Amino acid sequence: MDAQQVRQEVVSLLREVPRAPEQPFLGGADDLELVDLERRLGEPIPAALADWLRVCKGEAIGSGGVYGAWFGRDPNDVAARREDNPSWREQGWLPVAGDGCGNTYVLSTRGPLTGSIGFIDSSEPDEMAYVVASDLWRFLRFLFMAETGDRRWPFDQHSVLTADPALAALPGKLMPWAGSA
């Protein structure tokens, strides 16, 4: 599946992810909201994240919500979430979603994992437990498929690597299944 197909599937799945009945789809962030988020982050927003935020500015959907561009200290705001974990700025991590249990998925913005999504366990917030996707759009596809009933991600090595072959190029010790061998 090429990048455009993944993006289209994510946009389609977005409307299927469980949400509270009183919560309509809020739409994407506008240019002013993106500029404000960059100002509050103190750095440019990666292109993939800006593209996603133009589709969905962040919502309390699924188990843990997807974070976005919100004015102020909304709990689903990327900058507010990062402020709660100062080491994430140093690591080059931008929080992009939660799992509903206090853990966070982060977009790596520098180093050998640039562009990939890692899982941060709340018991060890300064360490990446493992990498769950090679890029943001593939992560969102996995996340939304899981929220709509697919239970293979992130631990089923075969199905994950079939859907995201670029993940195999990242350090093996950071794969979700590395500890289970």
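Let us look at the structure shown here. The structure presented is a predicted model; accordingly, all values stated were derived computationally and were not measured.

Rules used throughout
- Residues numbered from 1 in each chain as written.
- Predicted model: local features only at pLDDT ≥ 70, side-chain atom pairs only at ≥ 80, totals over all residues.
- Heavy atoms only, no water.
- Helix = DSSP H or I, 4+ residues; strand = E, 2+ residues; numbered from the N terminus.
- Rg over C-alpha atoms; globule rule 2.2 N^0.38 Å.
- Buried < 20%, exposed > 50% of the residue type's maximum accessible area, 1.4 Å probe, protein only.
- Lys, Arg positive; Asp, Glu negative; His and termini not counted.
- Salt bridge = Lys/Arg side-chain N within 4 Å of Asp/Glu carboxyl O.
- Contact = heavy atoms within 4.5 Å.
- Expected span 1.5 Å × (residues − 1).
- Polar contact = N/O pair within 3.5 Å; in protein donor to acceptor, adjacent residues only side chain to side chain.
- 1 Å grid on protein atoms, 1.4 Å probe; cavity = no way out; pocket = protein on both sides within 12 Å on 5 of 7 lines; lining within 4 Å.
- Points joined across faces, edges and corners; volume = space filled by probe spheres on them.

**Observations concerning the overall build of the chain**
Line of reasoning, step 1. In terms of helices and strands, the chain carries 7 helices and 4 strands.
Line of reasoning, step 2. Going from N to C terminus, the chain has its helices and strands arranged as α-α-α-α-α-β-β-β-β-α-α.
Line of reasoning, step 3. Its C-alpha atoms give the chain a radius of gyration of 15 Å, within 12% of the compact-globule value 16 Å for 181 residues.
Line of reasoning, step 4. Residues classed as buried in the chain amount to 50% of the 181 residues present.

**Let's talk about the side chain of Glu147**
Line of reasoning, step 1. Structurally, the position occupied by Glu147 is in helix 6 (residues 136-147).
Line of reasoning, step 2. Buried and unpaired, Glu147 has Arg151 as its nearest opposite-charge partner, separated by 6.2 Å.
Line of reasoning, step 3. Excluding anything up to four places from it in sequence, Glu147 contacts Val17, Pro18, Gly62, Ser63 and Gly64.

**Re the environment of Ala20**
Line of reasoning, step 1. Note that Ala20 resides in the loop between helix 1 (3-14) and helix 2 (31-41).
Line of reasoning, step 2. Between the C-alpha atom of Ala20 and that of Gly62, which follows or precedes it by 42 residues, the distance is 9.1 Å.

**A word on helix 6**
Line of reasoning, step 1. Taking 1.5 Å per residue as the helical rise, helix 6 with its 12 residues ought to reach 16 Å, and the 16 Å between its terminal C-alpha atoms agrees with that figure.
Line of reasoning, step 2. Restricting attention to buried positions, one finds in helix 6 the residues Leu136, Trp137, Arg138, Phe139, Leu140, Arg141, Phe142, Leu143, Phe144, Met145, Ala146 and Glu147.
Line of reasoning, step 3. Capping the start of helix 6 is the job of one residue whose side-chain oxygen sits 3.1 Å from the backbone nitrogen of Trp137: Asp135.
Line of reasoning, step 4. Two residues or fewer after helix 6 comes Gly149, characterised by a positive phi angle close to 120°.

**Topic: the environment of Ile45**
Line of reasoning, step 1. Inspection of the secondary structure assignment puts Ile45 in the loop between helix 2 and helix 3 (47-55).
Line of reasoning, step 2. Taking C-alpha positions, Ile45 is 8.0 Å from Leu34, a pair spaced 11 residues apart along the chain.
Line of reasoning, step 3. Dropping the residues within four chain positions of it, Ile45 is found in contact with Leu34, Leu37, Glu38 and Ala50.

**Details of the pattern of salt bridges**
Line of reasoning, step 1. Enumeration according to the criterion identifies 11 salt bridges in this entry.
Line of reasoning, step 2. With a shortest N-O distance of 2.8 Å, Glu9 and Arg141 are connected by a salt bridge. In this pair, Glu9 sits in helix 1 while Arg141 sits in helix 6, placing the two residues 132 residues apart along the sequence.
Line of reasoning, step 3. Put simply, Asp77 and Arg40 hold a salt bridge, and the shortest N to O gap is 2.6 Å. Of this pair, Asp77 sits in the loop between helix 3 and helix 4 (78-83) while Arg40 sits in helix 2, and the two are 37 residues apart along the sequence.
Line of reasoning, step 4. Take Asp77: its relative accessible area is 0%, and that puts it in the buried class.
Line of reasoning, step 5. The buried category is assigned to Arg40, whose relative accessible area is 17%.
Line of reasoning, step 6. Salt bridges sharing common partners tie together Asp36, Arg39, Arg40 and Asp77.

**Points about helix 3**
Line of reasoning, step 1. Within helix 3, burial applies to Leu49, Ala50, Trp52, Leu53 and Val55.
Line of reasoning, step 2. The elements touched by buried residues of helix 3 are helix 1, helix 2, strand 1 (93-98), strand 2 (104-108) and helix 6.

**Let's talk about the side chain of Glu33**
Line of reasoning, step 1. One can find Glu33 in helix 2.
Line of reasoning, step 2. We classify Glu33 as buried; its relative accessible area is 8%.
Line of reasoning, step 3. Those residues within four positions of Glu33 in sequence are excluded, and the remaining contacts are Gly28, Lys57, Ala69 and Phe71.

**Remarks on the layout of surface pockets**
Line of reasoning, step 1. Estimated volume of the largest pocket: approximately 160 Å³.
Line of reasoning, step 2. For the largest pocket, the lining is made up of 17 residues, of which Arg81, Trp88, Gly102, Asn103 and Thr104 are closest to its centre.

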